[in-house]
Amino acid sequence: MNERRNEAGLTPLDRPNSYIGRSVPRPNLGRLVQGRAQFVTDITLPRMAHAAFVRSPHAHARIKTIDTAIAKSAPGVYAAFTWHDLAGVCTPWVGVLSHLKGLKSAEQYPLAPDRACWQGEAVAAVVARTRALAEDAAELVTVEYEELTPVVDPHQALDPKTPAIHPDHRDNLAFERTIDAGNVDQGFREADVIIESTFDFNRHTGVTLEPRAIVADWNEGEERLTVYQSTQALHMMKAIFAKHLGLAEHQVRVVCKDVGGSFGIKIHVYGDDMAVAAMSKILKRPIKYVADRIESFVTDIHARDHCVRAKIGVKQDGAITAWEIDDLTAIGPYSVYPRSSGIEVNQVINLTASAYGCKNYRAHARVAFTNKNVMCQYRAVGQPVAFGVTEGLLEMAARRLGIDPIAMRRKNLVPDESYPWTAPSGLQFEKLSHHACLDKLVQMMKYEELRREQAQLRAQNVHRGIGFSTFIEVTNPSAAFYGVGGAPITAQDGATLRLDVKGAVFCHIGVADTGQGAEAAIAQIVATSFGVPIDMVRVIMGDTDHTPYGGGTWASRATGIGGEAAWQAGKALRENVLMVAGAMLQTEGKTLDIRNGAIVDKDTGRERLPLAEVARVAYYRADTLPPGFQAEFVVTRHFVPRQYPFAFTNGHQACYLEVDVNTGFVKLLRHWVVEDCGTVINPQLVDEQTRGGVVQGIGPALFEHCVYDAQGQMLNANMADYLVPMAAEMPDIEVGHVATPTAESELGAKGTGEAGTAGAPAVVLNAVNDALAPFGAQLTAMPLTPDRILKALGKI
Amino acid sequence: MKPAPFCYAKARSLKHALELLGQANGEARVLAGGQSLIAALNLRLSSPRLLVDINGLADLDTIDLDGDRLALGAMVRQAAAERSPAVIEHAPLIVQALSHVAHPAIRNRGTIGGSIALADPAAELPACLVALGGEVEIAGSAGRRRVGAEDFFKGLYETDLEPGEVLAAVRVPSATRASRYGFGEFARRKGDYALVGLCAAARASGDKLQDVRLVFFGVGLKPVRARKAEAEIEGGPFEEGTISALADDLDPLEDIQASKALRTHLAGVLLKRVVQQLSESGS
Amino acid sequence: MSALTIEVTMIVNGEEIRETVEARKTLVDFLREDLGLTGTHVGCEHGICGACTVRVEGEIVRGCLMLAAQCDGKRVETIEGVSDSGEIKDLQANFVTRNALQCGYCTPGFLLTAQDLLARNAMPSRDEIREFISGNYCRCTGYHAIVDAIEKTAEARAGRNS
């Protein structure tokens, strides 16, 4: 609890003219609605050339020869490359983290040297005057492949008879981990009912509307590499480019203004991007590469390809006595760099059952290499799988026992007064609010009325279902997430505030806005903390030369961590300014305050000076200040969470839908989310993150699926066949809030960007199963297609 | 994805278009609406040497009553047909079908003739043409010829159009007071290609239906007439027997969007709904 | 006369443009690369996502499914022109206050599509709005806020006209 109250009962957040908790419109929206944004795809530089890649059509093949001679002499072509041309300039990488014990991977190259390990892996590149000419020439590159047997199924991958994909590996097991807490066997013995099921989660992908895009510009005269990249983690990419291109970090600058959607897709290192940077260094000119949509489907990271066998033990009164899961996940042939492809499964087994009080929990997880596209962190990492399993099993159990699913949750959720509390998996929860959120949800959705409506309509052969999910989101990560494993990923962030001569404040900060509104939240925080109207705040992000070393945007950290740094910097700058004001007014700085852009008496609020006047004096009339006095109007503060490895948040979702039992089609009627992200900076932005996240979770529940055949070919790598959610099929979404601030920071803000996605697949699954309950039909494999629904009903 | 290089020529007239196509010796494509063609070019699924642009040819862009038939020029935009009072009055089945075709921006450019000539098996308009018992008018260097709809559609993207010919117009019988129409389709999302769809037309004769034409799309390589089911319906009231007759008529394909069993099942559901419409509708 | 490159003349956002283009160049690439009008975006190049929506002769079309060559003699409007003319000022304002955009990549396409809807249907229901915009992909918002912003604009315009 945030209890830093003063005598008047006020917390530091109770500043006058506060923007905290206000739905202020985002300052960067003007350029976005006028078509005046700057996405990396919009950038042109002098002498800029374009890259196109030659990609393996085979999921698994030895590369015997690559002949680029004809391509090199095609019209408009500047150069063509294979790995051998890049070998002197770029080093390979391995995506492992030392704290994921036993995680193994193989060296990965920007262009595959001698083996192609997934359909779409780049084996050669052409650089030409235009993208079209580069593509023309790419068709003239001849590659001789010797096809090898692709491994596409994780069970097959782990079969001892199956050769390892990588020659120096013993097998295709990338990572394995177990958790055994409490006494699970005893728990199952005590159970009155045991339910076992296997849940299949479908591989899917981000489909960011702006594809991955990069312009790498090696300036030979400056010996500096400037990379314009559509990315979430600029300083991390700077470190990676420097390391693998043999440069000092300060020789690299990463710039990113507007990002057309990311959701985790653009936080990973792609061979394509490393190749482009290397080729720029070799050709000594800017090179641009934009993945086209087909390339995106086969090379952007995929996520959530899991098969989970799960078991729950319950007593007749609904008390859960034990949980057990066995998760087998199929990643690509490499663990992605530098965050590794072991984190998703780690989060699945850490988070499963963690909202519930039962101490008996056993989990076994295995990660298998396959010859499908690489897989890594994507919005709400592991959470939809964890809660799909947990909440799916719970509602199955409730149905079997004849207990209302809300009552079942009330009986088993960790009580709100129990915190701090450590889950059986080891996760440390500072303070969650499962029951408060559930109560609010039930009230918002008028649950009893819905059940009555459902019953009435069932009698008329109209089948509606109600599904619920608790969810826990992982936010504000500390260094225990990546830094501890050796990755060049910082958990801290810094904000530098600079007062200009007319009283405007510039905030340079290392977090990034990828559309979620970080720029607005930071502006609101600075305006409140320092004491100016928000239109006097300019937030500078997206340039490693001009922002403090920071982590960027991922794991919902921008507001909680970047925001706290900005908050502290605002206070520090205010103190410095008030020292000068005090000198000018011949009083003590601490009797003054800055409010709404003016220096005021703290106690009475009486205006004493305009802020701009203090700045004018400090910048132009230092001769009027006391001797030895130096005004410091640039201040930097950093923040990193130290007490808890993560600031977990929680919430509850519900879905009301109708299943047409004649056709298997599902109509989503309504959706509710109650979420608790601590102190809310901008309520509208939180709501909108939640809504967007929900729809991104509904996608794989009903529609999205990267479909592969037995040869490792992705069959639906285009927008017509890969079904993303569009407006006509999506419901309106109601969002409610509970606020449990974190005590780790003064702001008390946790993250919220992934909450919607974390619980949405589970509620859709549960709602469909609730609708079909009278038929004894039950589904556990997503997406919930008409085929699967009608099969479950025995109609086909 | 950028297209492979091609030459472009804007036809000054239909005659000019035919000349250009003739000279290209099978290596040219006609650019009409372009909503399918340019996507295919972007994806490099097709690399013609020449595109002959027939946009702007006024004599291909008209909607006229031609006796007891409604004639639509091949270049009539789908959006224009959807809003045309003549089409609404004389061929309401086309209007109904068009509202399911893709999205407004696509229909603003896509053409009636283009969709018919492409003959995508999951498309609405080819099935519509067969259901209405319509015909296409084809222009070639030797002159004009007409082909009935059922003879026009031959297979997967395969029609009776010869290289060097251009589809000039389609004609459908105008609706009469006895005309009855039905339409239905199942798609996962609004505007998607149908998993399975049904275009139907009939003539009311007393309380019976005559000349029943049930044309399924999305179930085969081309529009499929369910003749056994048609016979059942013409004979008398709708019964479960009609559905099993349908199983003899249809042998749907399987793909990643739908299994054969699903398509067959949904076809049966559509049949029930559409026959209901046939019995209820009336001009 | 057929050629690999074509000279085209068109009116783009009210300005006469005369350029030589490769026959294979799509309208959206021409606008973005040759004319520097980067407000229109490319998302899929097969006509499905709607990010490339522009107006040709007053009608919304997919810029990735038209060739620049086809626009010879035509009037083309992009988000920059439609925005600068003030035509969609109220729609843009409602998008901003309602946060009906997050990353903004889909937004120009949605604005032009929404404006077309409101020109045809002054008081669309929420379902009608959803249906009309069902050809525009947004990954960030989940669509709810976009529907709200369009609905609010329609209501305000109807209020002004009544």
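Given the structure is predicted, the values throughout are model-derived calculations rather than measurements.

A.B. asks: Pulling in residues and values, what's your account of the domain arrangement of chain B?
C.D. replies: All names here are of chain B. With domains assigned, chain B is organised as domain 1 (60–172) and domain 2 (180–280). The partner domain 2 presents 22 residues to the 25 residues of domain 1 that form the contact. Around 2,000 Å² of area is buried between domain 1 and domain 2 when both sides are counted, 62% of it from carbon and sulfur atoms. The interface formed by domain 1 and domain 2 holds 3 salt bridges in total. A salt bridge links E150 to R213, with the shortest nitrogen-to-oxygen separation between them at 3.5 Å. Scanning the region where domain 1 abuts domain 2 turns up 10 residue pairs in polar contact (both at pLDDT 80 or more). Broken down by secondary-structure element, the contributors of at least two residues to the side of domain 1 that touches domain 2 are helix 5 (92–98), helix 8 (124–131) and strand 8 (153–155). Considering every element that reaches the side of domain 1 that touches domain 2, the biggest residue donor is helix 8, with 6 residues. Considered class by class, the residues forming the side of domain 1 that touches domain 2 number 15 nonpolar, 6 polar and 4 charged.

A.B. asks: Requested: an account of the packing of aromatic side chains, with residues and values cited.
C.D. replies: Residue and element names in this part refer to chain A. Counted by the stated rule, this structure contains 19 aromatic pairs over all chains. Seen from their ring centres, F297 and Y722 are 5.0 Å apart, and the 50° between their planes marks the pair as tilted. Linking F297 in helix 9 (residues 293–299) with Y722 in the loop between helix 18 (683–703) and strand 30 (733–737), this pair joins segments that are 425 residues apart in sequence. Through a chain of ring-to-ring contacts, the aromatic side chains of W421, F429, F481, Y482, W554, F646 and F648 assemble into a single cluster. The aromatic ring of W218 is capped on one face by K281, whose charged end is 5.1 Å from the ring centroid. In this arrangement the basic side chain of R285 is found over the ring face of Y78, its NZ or CZ atom lying 4.0 Å from the centre.

A.B. asks: So what's going on with the packing of helix 11 (residues 383–401) of chain A against helix 19 (residues 755–772) of chain A? Which residues, and what values?
C.D. replies: Packed helices, taken two at a time, are described by their axes: the angle between them and the distance between them. All names here are of chain A. Between helix 11 and helix 19, the least distance of the axes is 8 Å, while the angle of their chain directions is 30°. As far as their axial angle goes, helix 19 and helix 11 are roughly parallel. The way helix 11 lies across helix 19 gives a crossing that is right-handed. Touching Q383, P384, F387, G388, E391, G392, E395 and R399 of helix 11 are T757, A758, P761, A762, L765, N766, N769 and D770, all from helix 19. Taken together, the residues that form the contact of helix 11 with helix 19 break down as 6 nonpolar, 6 polar and 4 charged.

A.B. asks: So what's going on with the environment of I214 of chain A? Residues and values would help.
C.D. replies: Residue and element names in this part refer to chain A. Inspection of the secondary structure assignment puts I214 in strand 10 (residues 213–219). Residue classification places I214 among the buried residues on the basis of a relative accessible area of 0%. Taking C-alpha positions, I214 is 9.2 Å from I43, a pair spaced 171 residues apart along the chain. Once residues within four sequence positions are removed from consideration, I214 is found in contact with V40, V227, Y228, Q229, F241, D273, V276, I287, K288 and Y289.

A.B. asks: Residue-level account of the interface of chain B and chain A, with values.
C.D. replies: Taken together, the contacts link 24 residues of chain B with 34 residues of chain A. The contact between chain B and chain A buries some 2,200 Å² in all, and 61% of this surface belongs to carbon and sulfur atoms. Taken together, chain B and chain A are joined by 4 salt bridges. Put simply, D136 of chain A and R44 of chain B hold a salt bridge, and the shortest N to O gap is 2.6 Å. Counting every contact that joins chain B to chain A gives 10 residue pairs in polar contact (both at pLDDT 80 or more). No other element matches helix 12 (residues 260–280) of chain B, which puts 6 residues into the side of chain B that touches chain A. Along the lines of polarity and charge, the residues of the side of chain B that touches chain A split into 14 nonpolar, 3 polar and 7 charged.

A.B. asks: Requested: an account of the layout of surface pockets, with residues and values cited.
C.D. replies: The computed volume of the second largest pocket comes to approximately 1,100 Å³. Taken together, 36 residues form the lining of the second largest pocket, with V666, K667, A728 and E729 of chain A together with R188 of chain B sitting closest to its centre. Those elements giving two or more residues to the lining of the second largest pocket turn out to be strand 28 (647–659), strand 29 (666–676) and helix 18 of chain A, strand 11 (179–186) and helix 12 of chain B together with helix 5 (126–132) of chain C. Looking at side-chain class alone, the lining of the second largest pocket contains 16 nonpolar, 6 polar and 14 charged residues.

A.B. asks: Got a sec to walk through the packing of helix 18 of chain A against helix 19 of chain A? Specific residues and values, please.
C.D. replies: Residue and element names in this part refer to chain A. For the pair helix 18 and helix 19, interaxial distance at closest approach is 7 Å and the crossing angle is 40°. Taken together, the axes of helix 18 and helix 19 are oblique relative to one another. The crossing of helix 18 and helix 19 is right-handed. For the pair formed by helix 18 and helix 19, the contact residues are T690, G693, V694, Q696, G697, I698, A701 and L702 on the first element and G756, T757, A760, P761 and V764 on the second. The residue inventory of the contact of helix 18 with helix 19, partitioned by class, reads 7 nonpolar, 6 polar and no charged.

A.B. asks: Please provide a residue-by-residue account of helix 17 (residues 611–620) of chain A, values included.
C.D. replies: All names here are of chain A. Considered for burial, the residues of helix 17 that qualify are L611, V614, A615, V617 and A618. Buried residues of helix 17, seen end-on, are gathered within an arc of 165° and therefore sit on one face of the element. On the buried face of helix 17, the contacting elements are strand 21 (493–499), helix 15 (518–531), helix 16 (558–585), strand 24 (592–595), strand 25 (598–601) and strand 26 (607–610).

A.B. asks: Before we move on, can you summarise the pairing of strand 21 of chain A with the specific residues and values?
C.D. replies: Residues and elements named next belong to chain A. Within strand 21, 6 of the 7 residues are buried, leaving the element largely enclosed by the surrounding structure. As judged from the 6 bridges shared by strand 21 and strand 27 (residues 634–639), these two strands associate in the antiparallel manner. Counterpart to G494 in the pairing with strand 27 is H638. Hairpin connection, strand 21 to strand 22 (residues 505–509): the antiparallel pair is bridged by 5 residues, and G503 has positive phi, about 95°.

A.B. asks: Pulling in residues and values, what's your account of the pairing of strand 11 of chain B?
C.D. replies: Residues and elements named next belong to chain B. Counting buried positions along strand 11 yields 8 of 8 residues, so the element is predominantly enclosed. The side-chain alternation of strand 11 yields two buried faces, one formed by S179, Y181, F183 and E185 and the other by R180, G182, G184 and F186. Pairing between strand 11 and strand 12 (residues 196–205): 8 bridges, direction antiparallel. Each bridged residue has a counterpart across the sheet, and for Y181 the counterpart in strand 12 is A201.

A.B. asks: How would you summarise the interface of chain A and chain C if you had to cite specific residues and measurements?
C.D. replies: Contacts between the two partners involve 51 residues from chain A, matched on the other side by 47 residues from chain C. Buried surface at the junction of chain A and chain C, both sides included, amounts to about 4,000 Å², of which 56% is carbon and sulfur. Remark: the boundary between chain A and chain C carries 7 salt bridges. For D732 of chain A, the salt bridge is made with R126 of chain C, and the minimal N-O distance between the two is 3.1 Å. The interface formed by chain A and chain C contains 28 residue pairs in polar contact (both at pLDDT 80 or more). Of the residues forming the side of chain A that touches chain C, the biggest block, 8 residues, is contributed by helix 18 of chain A.

Rules used throughout
Going along each chain's sequence as written, the residues are numbered from 1 onward. Written order decides the labels, with chains lettered from A and ligands numbered from 1. Since the coordinates come from a predicted model, pLDDT governs what is reported: local features require at least 70, and pairs of side-chain atoms require 80 or more to be given and counted, while whole-chain, interface and lining totals use all residues. With hydrogens and water set aside, each side-chain value is computed from the structure's full complement of heavy atoms. These domain boundaries are the output of an automatic or database domain assignment. Any pair of residues with heavy atoms lying within 4.5 Å of one another is described as a contacting pair. Here the buried area means the combined drop in accessible surface, using a 1.4 Å probe, for two parts upon being joined, counting both sides. Whenever a carboxyl oxygen of Asp or Glu lies within 4 Å of a side-chain nitrogen of Lys or Arg, that contact is scored as a salt bridge. Here a polar contact is taken to be a pair of N or O atoms separated by no more than 3.5 Å, where protein atoms must pair a possible hydrogen donor with a possible acceptor and residues adjacent in sequence count only if both atoms sit in side chains. The helix and strand labels rest on DSSP assignments: H or I over at least four residues marks a helix, E over at least two residues marks a strand, and numbering proceeds from the N terminus. Polar here means any residue outside two lists: the nonpolar Ala, Val, Leu, Ile, Met, Phe, Trp, Tyr, Cys and Pro, and the charged Asp, Glu, Lys and Arg; Gly therefore counts as polar. For Phe, Tyr and Trp, where Trp contributes only its six-membered ring, two rings pair if their centres lie within 6.5 Å, and the inter-plane angle classes them as stacked under 30 degrees, edge-to-face over 60, or tilted in between. In our convention, an over-ring charge means Lys NZ or Arg CZ found within 6 Å of a ring centre and within 35 degrees of that ring's normal. Fitted lines through C-alpha atoms give the axes, limited to the stretch in contact for helices. The angle between two N-to-C directions lies from 0 to 180 degrees. Note on angle classes: values under 35 degrees are labelled roughly parallel, values over 145 roughly antiparallel, values of 65 to 115 roughly perpendicular, and the remainder oblique. Throughout, a crossing is termed right-handed when the near helix is turned clockwise from the far one, and left-handed when it is turned anticlockwise from it by less than a right angle. The cut-offs for exposure are 20% and 50% of the maximum accessible area for each residue type, with area from a 1.4 Å probe on protein chains only; residues under the lower value are buried, those over the upper are exposed, and the others partly exposed. Put plainly, a pocket is an open set of points on a 1 Å grid over the protein atoms alone with protein on both sides within 12 Å along at least five of seven lines, a cavity is a set where a 1.4 Å probe fits but cannot get out, and a lining residue has an atom within 4 Å of a point. Grid points are joined across faces, edges and corners, and a volume is the space filled by probe spheres set on the points. Taking the helix axis as origin, the arc is that swept by the directions to the C-beta atoms. At least two bridges found by DSSP between two strands is the condition for calling them paired.

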